[in-house]
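Given next are the chains, with one letter for each unit.
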Amino acid sequence: KHLIVALGLFCAVTLQAAPPSDASLDDLFTSMNLRGTLDQMLANMDQGMKAGMQQGLQQSMQGKELTADQRRQFDELQKKLMDAMRDELSYDKLKDVYRKVYRDTFSQEEISGLTAFFKSPAGKAYIDKLPTVMQRAGNEVQGRIGPLVQKLNGMQQQFLQQLQSNGGGSKP
């Protein structure tokens, strides 16, 4: 009798902790629009990469202008870099990575609950509004970065001054 109860409990625990299936994970990814989220992330990376490369180019050119041919070559380089990034970070290439991470992190029961949430009106609203929330939060945080950098630089300068005044700083 005790063996049957123990076996039943073991089966219940084993079933409850069953890893999610590929089909259930794919259903979750579809309901949470993972492909669209990754596409948006790549578009944002593209903009950031172009801006960074443009700024780096301007600094390295020291005020000189590119010739039409150099501009074309630079534009081709940007396109090649972005194409390589899009290829390596595409949903199709990352899907198995996401499956593994989610499978290692969540049980089938949790995946089913998350899928139900993301298919609900509240879950759909969350998915639809998340990019706006992230952008607004990023803007708010960005406004704090400048003052934080100044504060950290001040702390570093104060530390260096203390080292020098205590005789701890060695001169080359």
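So, how was this worked out
Residues numbered from 1 in each chain as written. Predicted model: local features only at pLDDT ≥ 70, side-chain atom pairs only at ≥ 80, totals over all residues. Heavy atoms only, no water. Axes fitted to C-alpha atoms, helices over the stretch in contact; angles between N-to-C directions. Helix = DSSP H or I, 4+ residues; strand = E, 2+ residues; numbered from the N terminus. Parallel < 35°, antiparallel > 145°, perpendicular 65-115°, else oblique. Left-handed = near helix turned anticlockwise from the far one by under 90°. Contact = heavy atoms within 4.5 Å. Nonpolar A, V, L, I, M, F, W, Y, C, P; charged D, E, K, R; others polar. Core = buried A, V, L, I, M, F, W, Y, C linked by side-chain atoms within 4.5 Å. Buried < 20%, exposed > 50% of the residue type's maximum accessible area, 1.4 Å probe, protein only. Salt bridge = Lys/Arg side-chain N within 4 Å of Asp/Glu carboxyl O.

1. Considerations on the packing of helix 2 (residues 22-31) against helix 6 (residues 108-119)
Phase 1: Interaxial distance between helix 2 and helix 6 falls to 9 Å at its minimum, and their mutual angle equals 25°. Relative to helix 6, the element helix 2 is oriented roughly parallel. Considering the relative orientation of helix 2 and helix 6, their crossing is left-handed. When helix 2 is examined against helix 6, the residues Ser24, Leu25, Asp27, Leu28 and Ser31 are found in contact with a partner set consisting of Gln108, Ile111, Leu114, Thr115, Phe118 and Lys119.
Phase 2: Class assignment for the residues of the contact of helix 2 with helix 6 results in five nonpolar, four polar and two charged.

2. A short note on the nonpolar core
Phase 1: Membership of the largest hydrophobic core is limited to twelve residues, which are Leu25, Leu28, Phe29, Met32, Leu34, Leu38, Tyr91, Leu94, Tyr102, Ile111, Phe118 and Ile127.
Phase 2: Secondary-structure elements contributing two or more residues to this core are helix 2, helix 3 (34-61), helix 5 (91-105) and helix 6.
Phase 3: Filtering out sequence-adjacent residues up to four positions away, Phe29 remains in contact with Leu34, Tyr91, Lys95, Tyr98, Arg99 and Tyr102.

3. With respect to the pattern of salt bridges
Phase 1: All chains considered together, the criterion is met by 15 salt bridges.
Phase 2: Arg99 is the salt-bridge partner of Asp22, the closest N and O atoms lying 3.6 Å from each other. With Asp22 in helix 2 and Arg99 in helix 5, the pair connects residues that are 77 residues apart, well separated along the chain.
Phase 3: One network of salt bridges, in which partners are shared, links Asp22, Asp26, Asp96, Arg99 and Arg103.

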